[in-house]
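# Summary of structural features
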Amino acid sequence: MQTTYIETQQISFQDFKNQILADYKMGRISREMSYLGRREVLTGKAKFGIFGDGKELPQLAMAKVFRNGDFRSGYYRDQTFALAIDALSVESFFAQLYADTNVDREPASAGRQMNGHYATRSLNADGSWKNLMEQKNISSDISPTAGQMPRLLGLAQASKIYKSVSFEGSEKFSKEGNEIAFGTIGDASTAEGHFWETLNAACALQVPMIVSIWDDGYGISVPTKNQRAKADIAEMLSGFQRKEGENQGCEIIQVKAWDYPALLDAYARAENFARTESVPVVVHVIEVTQPQGHSTSGSHERYKNEERLTWEGEFDGLVKFKEWILNYSIEIEGKEEIIATTEELDAIEEEAKKWVKAGQKNAWDSYQKSITDLVQSILPLVENLKSQNSEIEKEITHFNKLVSKAKKDVFHMVRKSLLATRGTNSAERTQLMDKYNEIFEVEKDNYSSHLYSQSHWKAENVAEIKPIYSDASEEVDGRVVVRNNFDKIFDKYPQTLIFGEDAGNIGDVNQGLEGMQEKYGELRVADTGIREATILGQGIGMAMRGLRPIAEIQYLDYILYCLQGMSDDLATVQYRTKGGQKAPVIIRTRGHRLEGVWHSGSPMAGILNLSKGILVLVPRNLTIAAGFYNTMLKSDDPALIVECLNGYRLKEKQPDNIGEYTVPVGKIEVTKEGKDVTLVTYGSTWRIVMEAAAELEKLGINAEVIDVQSLIPFDIAQEISDSVKKTNRLVVIDEDVEGGTSAFILQQILEKQKAFRHLDSDPLTIAANNHRPAYASDGDYFSKPSVDDMVEKIYALFNETNPQKYPAIF
């Protein structure tokens, strides 16, 4: 077991003195970064700034107990901590402020996130895992208030899992589960539900987690007394305090942000609880100051009175730290020893200013050179064109007058020049066009790469293994197929685990996990509380630490509770780190053709629009669903798999190679061939479409039915266009509201696949009414597309073109 900070602090006075002065210097460097960063924004060299000044001392203390293999999930105030663990340099701090897209200069996000959003790189260039036990780890920050908290739970729970689970390569992610997950949050953000849900779950699960609350008394301009039931969050949390002998609750430690020795003691105790006892700990850091206010968008003088501002000046952490150093003395062997003189500390402050200024200059020069190099490569080519059009001369003159040039200015000039010379065919224009295409590809990678995995393990690369059937293949309930497939998965992949409401003891509400907890244990097949946001968070955090979690959300409707985390966190992990981190979570849920306002099962349009970055897989039966699980466990993309709720009791033939076969993502299946009209659908609606197609056959209409199977990615081979080319008519049928998933599918087919060229009739969408379905079967019939609706509307297409052969029904 790793030792704790308490157990390793037997040092000489000289070493003690060196540590103190190193901390003071680090604190001063961080503060100067904040000061200079603000000036860079206000002088127009950066867009926006948000800084961690005032929080230097607690973050220095926290860094002392942060070990290799540990993880942090925090928010945008932790620059001192990032500096202290070598996850940030002065140069990379300013590179992020300037939005430098060079991943070597700005490794946290390659310019994709505003400053203050930190991350370490968990992946090698090829997308494979680094050895996370050889580095201190920061999971990529996000801005949404308290949004970092659910992920923190999963990062901490991974340590608990690793105490009992090992697999080939697991030594890269844990050493017998002795790692701690550290979280940070502003005091006002503790009013958010995500904070309470996460802390509640951590206290129930008993995971090694330390949450630091930076309490500066305000949420931007709103004082704490207006944020919570009580101004003192530690008092509010007192009911969470664990009792002696009970395996529930957490430890709560309150400490002042300016009291250096007390901070060291607080974090040493917190580490001891978390690392040795696997207990969650809350460190409530009070009397935090914010010398420059919330951000560069305003001044805190607007909402803090003179008394408060004076107090903040006196109790600034670095001011109090300096006082403590100057007042410290100890007698050793009859000789009085001090840490430093005023002159020595002043010299450290001057050195910090010079260090920060030099780092800022290096960052700015490197950033500017990338733009200067771009200008020098393109401007001569534009100037070669100016004789061909007078407008180009004006564009060049305007460009040269710009005091500060950005990439967008370069691209604007080039595109205006190409627009002005449209229709001409000169060698100069061709040369400019070729260069434009070259630099555009570079910027496309800088700003738009890694929304999905670009590694060898991306889902699209997983080879298809077809299901094998024989005379001995059994007809079983659909739930049995998925259950038996999970059995094979858990046996094959020890790093795989599943958790959710009713997922464990009763084997999920539809028995798709029947007997799995008994066979594989409560750790790998687990029940959770009713808390969807943190179920997802468990999945994200554990996936970031090399496990393969399947986070079960009981019904598709309940996805709305965790959609914020899916959209803001999971969907953007690879993108916001430019391939530096990944979290291949599989979200399991069930839906489609449900009955009732609260189980209508069709928030698909929202999921599609808000969760780009997550695969959305919609199998029509449980055999295909099982194949998708097998596919995704070979992939490093996150995915949502929506099982058909009304398919668990329907009979399916179980493949002989259960647990082995894979279903390719982004591939459609033609389930009925036809020549007159193409019907496109997915999920449980497919069964109704097949019924409608049979009815249409009786009316002389031969319909081709396509199950898309995968909404993201969508029909990679563009096979639907081939079907439309054959039938010349297209109908998209969906149980979602109008303009929802059907609109997405239509856009993909008509715009991306250019299928409009083959149409002899207007494309038709048949969707649900724009309200939640009413309860019971009659509610479903009148709320969502029925067989009758489909037959009548599709028949009307043929009535329009040949009313004699297809006379009107009504």
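Everything below is about the structure shown above.
Predicted model only: the values in this text are computed from it and were never measured. (Residues numbered from 1 in each chain as written. Predicted model: local features only at pLDDT ≥ 70, side-chain atom pairs only at ≥ 80, totals over all residues. Heavy atoms only, no water.)

## Topic: the side chain of S473
What counts here: By definition, any uninterrupted DSSP run of H or I lasting at least four residues is a helix, any uninterrupted run of E lasting at least two residues is a strand, and each is numbered from the N terminus. Here a polar contact is recorded for every N or O atom pair within 3.5 Å, except that within protein the pair must consist of a potential hydrogen donor and a potential acceptor, and residues adjacent in sequence are included only if both atoms are side-chain atoms. Should any heavy atoms of two residues lie within 4.5 Å, those residues are considered in contact.
Mapped onto the elements, S473 comes out in the loop between α15 (427-448) and β11 (475-477). At a separation of 2.8 Å, a polar atom in the side chain of S473 contacts the main-chain amide nitrogen of S470. A distance of 2.8 Å separates polar atoms of two side chains, one belonging to S473 and the other to D656. With residues up to four places along the chain from it excluded, the contact list for S473 reads I468, K653, Q654 and D656.

## Topic: the packing of aromatic side chains
Inclusion rule: Within 6.5 Å between ring centres, the rings of Phe, Tyr and Trp (the latter by its six-membered ring) count as paired, and their orientation is classed by plane angle as stacked under 30 degrees, edge-to-face over 60, tilted in between. Relative accessible area decides the class of each residue, using a 1.4 Å probe on protein chains only: under 20% of the type maximum gives buried, over 50% gives exposed, and in between gives partly exposed. Ring-over charges, as used throughout, are those where CZ of Arg or NZ of Lys falls within 6 Å of the ring centre and within 35 degrees of the ring normal.
Using the criterion set out here, one finds 34 aromatic pairs in the structure. Ring plane angle 85° and centroid distance 5.4 Å describe the contact between Y555 and Y558, whose orientation is recorded as edge-to-face. Neither Y555 nor Y558 differs from the other in exposure class; each is buried. Ring pairing ties together the aromatic residues F13, F16, Y24, Y260, F321, W324 and Y328, which thus form one cluster. When the ring centre of W258 is taken as origin, the NZ or CZ atom of K320, which lies over that ring, is 5.1 Å away. The side chain of K320 reaches across the aromatic face of F315, ending 4.6 Å from its centre.

## Description of the pattern of salt bridges
What counts, and what does not: Counted as salt bridges are all cases of a side-chain nitrogen of Lys or Arg within 4 Å of a carboxyl oxygen of Asp or Glu.
A complete count under the given rule lists 52 salt bridges for this structure. With a shortest N-O distance of 3.0 Å, K322 and D346 are connected by a salt bridge. Pair noted here: K322 is in helix α11 (residues 317-327) and D346 is in helix α12 (residues 342-383), with a separation of 24 residues, a long-range link. Given a relative accessible area of 19%, K322 falls into the buried group. Given a relative accessible area of 33%, D346 falls into the partly exposed group. The shortest N-O distance in the salt bridge between E350 and K353 comes to 3.8 Å. With E350 and K353 both in helix α12, this residue pair falls three residues apart, about one helical turn. Via salt bridges that share partners, D508, E552, R588, R590 and E643 belong to a single interconnected network.

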